[in-house]
Structures are given as C-alpha cells and as structure tokens.
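An overview of the molecular structure
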Amino acid sequence: GAGVSQSPSNKVTEKGKDVELRCDPISGHTALYWYRQRLGQGLEFLIYFQGNSAPDKSGLPSDRFSAERTGESVSTLTIQRTQQEDSAVYLCASNLGGLYNEQFFGPGTRLTVL
Amino acid sequence: SQQGEEDPQALSIQEGENATMNCSYKTSINNLQWYRQNSGRGLVHLILIRSNEREKHSGRLRVTLDTSKKSSSLLITASRAADTASYFCATVSNSGYALNFGKGTSLLVTP
C-alpha cells in the first residue's frame, strides 16, 4: 500500500499481559516514529528510528515499553505487563527524516487494558 | 511534555463561516506544522511553515507564524461540514526531529 499501516487496529487485553503492536512504514522512508495519544490529549513522542542509527528512546515512559526496527522496514512496539494507564491510541509515523519533512501517520492501534 | 497549546479547545461554527485556531509554543523552533485528525485516529498533515516564514497559504488554509510571540494561527475559510475534526499544531525544535504536539482544537462545522 501507499500509506503507513498499523496492526491490529484495536487490541483489548487484560492487565498484566504483554502486547505487541506493528507498524509498516512507507517504503523508502528512513525515519519511523511512535507516538501515544491518550483520550482527549495530544500526541506524546515515544521513540524514533533513523536508518541504522541507534534509536532515540527518550520518550518511552517506562522500561515496560520497548521497540524494534529491522533496517528500514517494519517496527514493533512491545508493552510488557500492561497497566490500565497504558490504554491509548498508539500512532506510528514515517518520513524521509530531516527537520523539514512532514510525517505520514498510520491509522493507529487503539489499546484498551482492562 | 507537550510543547504547544491550542485555543480554543473547542469551536463550533456553521458552514461557510471562517474558523480560526491559535497555537502557542514555548521554545525556539525550526518549523511549525498543522495536522488534522478525524475520529481520534490517524493524523493528516495540512501545512508546514518554517521559522523564517510569516504566512503561508494552501487552498482554503492560511497559516501565520509570529516567532516573537511564539504563536501561530490556522484559518480555514468558507468552512464545510467535512472540515469537522481535531486540529493540532506541532513543532520541531532546532535540536530535534520528533514532533511536539498540543492538545488540539476540536472543530465542529454544522450544515
């Protein structure tokens, strides 16, 4: 497809379980971003990948959160031992990197932790 | 932490009217971007204005930037029901790349 895709679109899980969210960026985009959006709020930056450079993990809220990306392809965001406060929409975006480029967002994964 | 603050938080207008949303930010920026979000899901980029620009147009959109006041405005002219969405401003700092978003303005355009 032409755009950023994310899966699943919705995920309901029980507190304490692990979840894995997937993002397929636009082909050729070297930069990939994960954001979290709580209900009625703006987006919070989580993590940034640029090519083969070490990712910027400065936005990850706790060590229960981790993300991986192989090269310039798919990325997975993993949340271990989920808590109710993790409930949010998780959005992935990609672009060519650099300061002047708009980011292209996927439709997001709505995570609900019961 | 969130960089931008949009106001108003919510705006309700009728079709054909103009909608103005404002955004203030705290630190120096490289550029400021406006995004639209429908139904709480994916965001769509609307327009980017660089720190050395003061005004930019794109179709029915007009964006201004005042770096001395650290503020920006988004004007949507001749609004349509399809413009109903949440609008966010986002900044990229001179030392960064990730976007810092405000909480957004929820716009409702009624027929």
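A brief report on the enclosed structure follows. Please read these numbers as outputs of a predicted model, since none were measured by experiment.

With that settled, consider the side chain of Q33 of chain B. Looking at the element boundaries, Q33 of chain B is found in strand β4 (residues 29–37). Of the residues examined, Q33 of chain B reaches a relative accessible area of 0% and is grouped as buried. At 3.1 Å, the side chain of Q33 of chain B and the side chain of N31 of chain B are in polar contact. Among the polar contacts made by the side chain of Q33 of chain B, one reaches the side chain of Y35 of chain B at a distance of 2.6 Å. With residues near it in sequence (within four places) discarded, Q33 of chain B still touches N101, E102 and Q103 of chain A together with H45, I47, L48, F88, C89, A90, V92 and L99 of chain B.

Moving on, we come to the interface of chain B and chain A. With 25 residues of chain B at the interface, the matching set in chain A holds 25 residues. Contact with chain A buries surface across chain B, with R41, L43 and Y97 of chain B losing the most and accounting together for 33% of the total. Scanning the region where chain B abuts chain A turns up zero salt bridges. Linking chain B to chain A there are four residue pairs in polar contact (both at pLDDT 80 or more). Elements that contribute at least two residues to the side of chain B that touches chain A include exactly β4, β5 (43–50) and β9 (85–93) of chain B. For the side of chain B that touches chain A, the element with the highest residue contribution is β4 of chain B, accounting for five residues. Classifying every residue of the side of chain B that touches chain A gives nine nonpolar, 13 polar and three charged.

We now examine the packing of aromatic side chains. Under the defined criterion, the tally for this structure stands at nine aromatic pairs over all chains. A centroid spacing of 5.7 Å and a plane angle of 90° characterise the contact between Y35 of chain A and F101 of chain B, whose relative ring orientation is edge-to-face. Placement of Y35 of chain A in strand β4 (residues 31–37) and of F101 of chain B in strand β10 (residues 100–101) is noted, with the two residues assigned to different chains. There is no split in this pair, since Y35 of chain A and F101 of chain B are both buried. Among the aromatic side chains, those forming a connected cluster through ring pairs are Y33, Y35, F45, Y48 and F105 of chain A together with Y35, F88 and F101 of chain B.

For the rest of this paragraph, the subject is the pairing of strand β6 (residues 55–58) of chain B. All names here are of chain B. Relative to strand β7 (residues 61–66), β6 is paired through four bridges, and the arrangement is antiparallel. Looking at β7, one finds that E55 is bridged to T64. Linkage of β6 to β7, two consecutive antiparallel strands, is achieved through a turn of two residues, within which G59 is found at a positive phi near 60°.

What counts and how
- Residues numbered from 1 in each chain as written.
- Chains lettered and ligands numbered in written order.
- Predicted model: local features only at pLDDT ≥ 70, side-chain atom pairs only at ≥ 80, totals over all residues.
- Heavy atoms only, no water.
- Helix = DSSP H or I, 4+ residues; strand = E, 2+ residues; numbered from the N terminus.
- Buried < 20%, exposed > 50% of the residue type's maximum accessible area, 1.4 Å probe, protein only.
- Polar contact = N/O pair within 3.5 Å; in protein donor to acceptor, adjacent residues only side chain to side chain.
- Contact = heavy atoms within 4.5 Å.
- Buried area = accessible area lost by both parts, 1.4 Å probe.
- Salt bridge = Lys/Arg side-chain N within 4 Å of Asp/Glu carboxyl O.
- Nonpolar A, V, L, I, M, F, W, Y, C, P; charged D, E, K, R; others polar.
- Phe/Tyr/Trp six-rings, centres within 6.5 Å; stacked < 30°, edge-to-face > 60°.
- Pairing = 2+ DSSP bridges.

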